[in-house]
Amino acid sequence: MVLYTPGRTSSYPDDPVKHGLRAFFLGGGDEVGNVGCILEDSTGTRLLIDYGLAPTRPPKYPAECPSVDHAIITHSHIDHMGMAPWLVGHLGTRLHGSPLTASLSEVMWRDTYKVSKIEGYPLAWDRRDMEEALQAWTTHQIGDWFEIGEWKCRFHRAGHIPGAVMIEIETPEMRVLWTGDMDTRASPNVLGALPVECDVLFLEGTYGNRVHPPRVEEEERLVSKVLEVVDRGGTALIPAFASGRGQDVLRILKREAPSLEAHYHGMGTRVTQLWMEHPESIREPKQLAKMWRWCRRVSGKSDRRKALDADVIVSTSGMLDGGPAIWYANRLRHHGANAILLTGYQAEGSGGRLLLDERKLRIFGDVVPIDLEVEQFSLSNHAGQNELVNFARACAPRHVVIFHADEEGREPLSTQLAGEMKVHLPSNRVEILIE
Ligand SMILES: [Zn+2]
């Protein structure tokens, strides 16, 4: 299966931009994840922001990128950086990002490569593209201006996960802010994003239709549930993503219930080591290091068996689609005192969704019933509706482009902001001209 024919199948418009700013979403315009967007103006400066893939089965890819010299990668999630090796291998694109995002890219790409081999899905890039991409990074600290063509750019903290950035762009005509995935609320490992005054705001809208419960209350609810499970003689399995949620959960548990015996197992081990090498991107980095010493990291088989007697196991994958979490679920399901605690959104078709809806899991090829307590907590690291609306107002732009959202996500944001700024709701592969 040929996914792309470089230079021939791109749907990007041929004509130059006469004035204003052109935005062309290759992906992530009217959907969550799978992001890629080309910005271009009349100076001929062209910039790609993010180039990801949605890790669904089969994976979803953004449209083919036209020739572009520079791409900024906002953060290390695969739906934002998963296709960057293709850019480097086929277009010779230079990648820009925070130092932590650049460091994390190796772990993320190697894992994507491995998963595509295991699951037998074609990937548009190969090992050599990946090796080249690892050499293609130019990193920038938060707050430092750098130039791309005729534009000046600088990064701001985005919240969301360590290393994640928002991008401020000064073109000759306007000031642009691109949020990437963001949260204005602090979480255990990162401080929240702060508004930046601009003319044009590209605002992610993942949870535009969701009003988050207060974070502190959700954290307390999670801790009490874990303690309840432990009191009745059970083990709480907490499936969590490798970059963000797992470390958040462990920091909450360490802070609130340090007497618990918590085990960690998954790709997050390497991720956390890299976080600790970039304390400038971490909230209270000493607390992260303390938490990391406090929890027991599982590596070998005997560690795994020991973890079954622990109070808490935090393990990947976050949506129970594979990883050691499945192995643990299979062992723990036979003892009714145990519980599975989900810490975020479970996508349609994911293992976690099946567990919530039907109390079943796909385990090593079989669908098996799970007669355990299952509870879901909202520890999202994306801004909710109130945070997004307040953030947009504080940036006071003339235009807002709501992306990285489905119809339900962007509609309420659009309604609330329409009186104050011009709202644009992009579709993939349709240009928007902002003047
Ligand atoms: Zn993200």
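It should be emphasised that the depicted structure is a prediction, and the values quoted were computed from it without experimental measurement.

**Remarks on the overall build of the protein chain**
Scanning the protein chain from N- to C-terminus turns up 13 helices and 22 strands. In terms of overall size, the protein chain behaves like a compact globule, its C-alpha atoms giving a radius of gyration of 22 Å where 435 residues would be expected to give roughly 22 Å. If you line up the protein chain on its principal axes, its C-alpha atoms span 70 × 45 × 40 Å. Taken across its 435 residues, the protein chain has 59% of its residues classed as buried. In the protein chain, the share of contacts with a sequence separation of at least 24, taken over all contacts with a separation of at least 6, comes to 70%. Element-wise, carbon and sulfur atoms account for 47% of the exposed surface of the protein chain, whose accessible area totals about 17400 Å². For the protein chain, the separation between the mean place of its 48 positive charges and that of its 59 negative charges on side chains is 6 Å.

**Digging into the packing of helix α2 (residues 84–91) against helix α4 (residues 127–134)**
Here α2 crosses α4 at 90°, and the two axes come no closer than 8 Å. Judged by the angle between their axes, α2 and α4 are roughly perpendicular. For the pair α2 and α4, the contacting residues are P85, V88, G89 and H90 in the first and D129, M130, E132 and A133 in the second. Partitioned by chemical class, the residues of the contact of α2 with α4 number four nonpolar, two polar and two charged.

**Structural notes on unusual backbone geometry**
Of the consecutive residues T316 and S317, the connecting peptide bond is found in the cis state with omega at 5°. For S317, the position within the fold is in the loop between β15 (312–315) and α10 (324–332). One non-glycine residue, H160, lies in the positive phi region at around 65°. Here H160 is to be found in the loop between β8 (151–157) and β9 (165–170). Given a relative accessible area of 4%, H160 falls into the buried group.

**Topic: the sheet that holds strand β19 (residues 373–376)**
With respect to topology, six strands assemble into an open sheet ordered β14-β13-β15-β12-β16-β19, the strand pairing being parallel. The strands lining the two open edges of the sheet, one partner per strand, are β14 (296–297) and β19. Relative to β19, strand β16 (residues 339–342) runs parallel, the two being bridged by four bridges. Bridging across to β19, L342 finds its partner in Q376.

**Comments concerning the sheet that holds strand β11 (residues 200–204)**
What links the strands of a sheet is backbone hydrogen bonding, and the strands pair in either a parallel or an antiparallel sense. With mixed pairing, the seven strands of this open sheet are ordered in space as β7-β8-β9-β10-β11-β20-β21. With partners counted over all chains shown, the strands left at the sheet margins are β7 (146–148) and β21 (422–424), one partner each. The mean angle between the axes of side-by-side strands here comes to 25°, regardless of whether they run parallel or antiparallel. Note: strand β20 (residues 399–403) against β21, three bridges, orientation parallel. Following the sheet pairing, H399 is matched in β21 by K422. Sitting on the sheet, helix α12 (residues 385–395) touches β9, β10 (175–178) and β11, and the angle it makes with β11 is about 170°. Against the sheet, helix α13 (residues 407–417) contacts β11, β20 and β21, and its axis sits at roughly 170° relative to β20.

**With respect to the coordination of the zinc ion**
Taken together, the protein ligands of the zinc ion are H75 (NE2), H77 (ND1), H160 (NE2) and D181 (OD), with distances of 2.2 to 2.3 Å. Taken together, the four donor atoms coordinating the zinc ion and their angles of 93 to 165° define a geometry best described as irregular. Here the donor residues of the zinc ion share one chain and are spaced in sequence as H-x1-H-x82-H-x20-D. Taken together, the residues H77 in the loop between β4 (70–72) and α1 (78–81) and H160 in the loop between β8 and β9 connect sequence positions 83 residues apart. Across the pair, H160 and H77 agree in class, each one buried.

**Regarding the pairing of strand β5 (residues 94–97)**
Direction of pairing for β4 relative to β5: parallel, over a ladder of three bridges. From the neighbouring strand, I72 faces β5, where its bridge partner is H96. In the sheet, β5 pairs with strand β6 (residues 137–139) via three bridges, with the strands oriented parallel. Looking at the pairing, G97 lines up with T139 of β6.

**A short note on the packing of aromatic side chains**
Applying the stated criterion across every chain, the model contains eleven aromatic pairs. Relative to W86, the ring of Y51 has its centre 6.3 Å away and its plane inclined at 50°; by these criteria the two rings are tilted. You can see Y51 sitting in strand β3 (residues 46–51) and its partner W86 sitting in helix α2, a full 35 residues away along the chain. Residue classification places Y51 among the buried residues on the basis of a relative accessible area of 0%. On the basis of relative accessibility, which here comes to 1%, the residue W86 falls in the buried class. Joined through ring pairs, the aromatic side chains of F25, W178, F202 and F403 make up one cluster. Lying across the ring of W145, K152 places its NZ or CZ 4.8 Å from the centre. The ring of W327 carries the charged tip of R304 above its face, separated from the ring centre by 4.8 Å.

The rules we used
Residues numbered from 1 in each chain as written. Predicted model: local features only at pLDDT ≥ 70, side-chain atom pairs only at ≥ 80, totals over all residues. Heavy atoms only, no water. Helix = DSSP H or I, 4+ residues; strand = E, 2+ residues; numbered from the N terminus. Rg over C-alpha atoms; globule rule 2.2 N^0.38 Å. Buried < 20%, exposed > 50% of the residue type's maximum accessible area, 1.4 Å probe, protein only. Contact = heavy atoms within 4.5 Å. Areas by Shrake-Rupley, 256 points an atom, 1.4 Å probe, with all protein chains shown as cover. Lys, Arg positive; Asp, Glu negative; His and termini not counted. Charge placed at Lys NZ, Arg CZ, Asp CG, Glu CD. Axes fitted to C-alpha atoms, helices over the stretch in contact; angles between N-to-C directions. Parallel < 35°, antiparallel > 145°, perpendicular 65-115°, else oblique. Nonpolar A, V, L, I, M, F, W, Y, C, P; charged D, E, K, R; others polar. Pairing = 2+ DSSP bridges. Donors = N, O, S within 2.8 Å, 3.2 Å for Na, K, Ca; no water. Tetrahedral: all angles 85-135°; square planar, octahedral: opposite > 155°, others 65-115°. Phe/Tyr/Trp six-rings, centres within 6.5 Å; stacked < 30°, edge-to-face > 60°. Lys NZ or Arg CZ within 6 Å of the ring centre and 35° of its normal.

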